[in-house]
Amino acid sequence: MLASLKRVDPGRYVIYLGFLAIFAVFLVVLRDDGFASPGNLFNIVQQTAPVTVMAVGMVFVLTAGEIDLSIGSVVAISALLAAVVLRDWPWPAGVAVGLGAGAAIGALNGALVAYARLPSFLVTLATMGILAGVARRLTNLQSVPITNDVYNGLFGSGTLFGIPSLILWTVAAVAVGAFVFRETRFGAHVHAVGDSARAARATGIKVLRLRFSVLVLSGMLAALAGLLYAGRLHGARYTLGEADLLTVIAAVIVGGTRLNGGAGSILGALIGSLLMGVLNNGLILMGYQPSDQMIARGLIILVAVALTLREPDR
């Protein structure tokens, strides 16, 4: 009994306790400002939906021992391409082009990392900059409105049985991601490669193919996040997603995913994403500026690293 208790890692529960603590503080401080109203709470979940979707992909990438810094630029490119296509084509064409762009960018990243043997940090840093420039030139810095009501309803402003579509997308991404991550061979291989690529290769796991696959997955989920942004805003702009990288990484790290690979949590990423959303919403209601939100996110990352990701003494 004592041995089993010793094996329990209290760091796994820090994110849940931290979320409850921050939520409770805002409940008390902002009790007269509508923080706890159903409308505001639904708004927090809807605002964090794209971040949560990207966080699911980032869990797979980080657990496999890689990183994807290009997700924010993929969001902008995918949203803009979908918006342009939706001018003249039905909504399935816009969705296909947006997701296809994310898959293609992920495949490029994956090929350079897995087969050209380049570091994922440098590859995705480079593609992040390239894609940011392409997004700015694609429509000459102009916003592209989306007037397709079916698309906007499915990917942003619609409801199903009274539940906002963005919340449904959040639930679907987390549920499917958690199942694949924990219950499938692919998920097991992701853990094995992140823990030790050499050992994984010795057991017959195709390490290069897996690295390629997780970056394609990350690209496609970033593209889906771009579609959700475009649907919610009824349009696309080159600035979509450009400030999300830090938020996504913060959500994933505080959710218990290790930066050096081998361990991750989809549910933790969801709670981390909601924590970021609650924090931003609460600070806005308290009158703080975006710069203060950035400082708060950075402090949360430091606390998470100190409490949950500190390596044992060697």
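Since this is a predicted model, take the numbers as computed values, not measurements.

Enquirer: Can you walk me through the overall build of the protein chain in this structure?
Expert: The secondary structure content of the protein chain amounts to 14 helices and four strands. Relative to a compact globule of 314 residues, whose C-alpha radius of gyration would be 20 Å, the protein chain shows 20 Å and is just as compact. Projecting the C-alpha coordinates of the protein chain onto the three principal axes gives extents of approximately 60 × 55 × 35 Å. Looking at the protein chain as a whole, 49% of its 314 residues are labelled buried.

Enquirer: Help me understand the UniProt feature "transmembrane region" (unreviewed entry) in the protein chain in this model?
Expert: The UniProt record annotates "transmembrane region" (unreviewed entry) at residues 12–30, 42–62, 69–87, 93–114, 121–139, 159–181, 208–230 and 266–288. What you have in residues 69–87 is 79% helix and 0% strand, and the ends, taken at the C-alpha atoms, are 30 Å apart. As annotated, residues 121–139 comprises 95% helix and 0% strand, and the C-alpha atoms at either end are separated by 28 Å.

Enquirer: Looking at this structure, how should I read the side chain of S78?
Expert: Structurally, S78 can be placed in helix α4 (residues 71–85). Here the side chain of S78 touches G98 through a polar contact of 3.3 Å, landing on its backbone oxygen. Aside from chain neighbours lying at most four places away, what touches S78 is G98, A101, G102, A223 and L227.

Enquirer: Help me understand a nonpolar patch on the surface, please; the structure alone is not making it clear to me.
Expert: On the surface, V25, L27, V28, V29, M286 and Y288 cluster together into a nonpolar patch covering about 500 Å² of accessible area. When you line up the elements, V28 lands in helix α2 (residues 14–29).

Enquirer: What is the right way to look at unusual backbone geometry in this model?
Expert: Unusually for a residue other than glycine, N140 sits at a positive phi of about 55 degrees. When you line up the elements, N140 lands in the loop between α6 (120–138) and β1 (144–145). A positive phi angle, near 60 degrees, is found at H234, a position not held by glycine. With relative accessibility at 36%, the residue H234 sits in the partly exposed group.

Calculation notes
Residues numbered from 1 in each chain as written. Predicted model: local features only at pLDDT ≥ 70, side-chain atom pairs only at ≥ 80, totals over all residues. Heavy atoms only, no water. Helix = DSSP H or I, 4+ residues; strand = E, 2+ residues; numbered from the N terminus. Rg over C-alpha atoms; globule rule 2.2 N^0.38 Å. Buried < 20%, exposed > 50% of the residue type's maximum accessible area, 1.4 Å probe, protein only. UniProt positions renumbered as here; feature names shortened; annotations may be inferred. Polar contact = N/O pair within 3.5 Å; in protein donor to acceptor, adjacent residues only side chain to side chain. Contact = heavy atoms within 4.5 Å. Patch = residues over 30% accessible without salt bridge, like charges linked within 9 Å, V, L, I, M, F, W, Y side chains within 5 Å. Areas by Shrake-Rupley, 256 points an atom, 1.4 Å probe, with all protein chains shown as cover. Salt bridge = Lys/Arg side-chain N within 4 Å of Asp/Glu carboxyl O.

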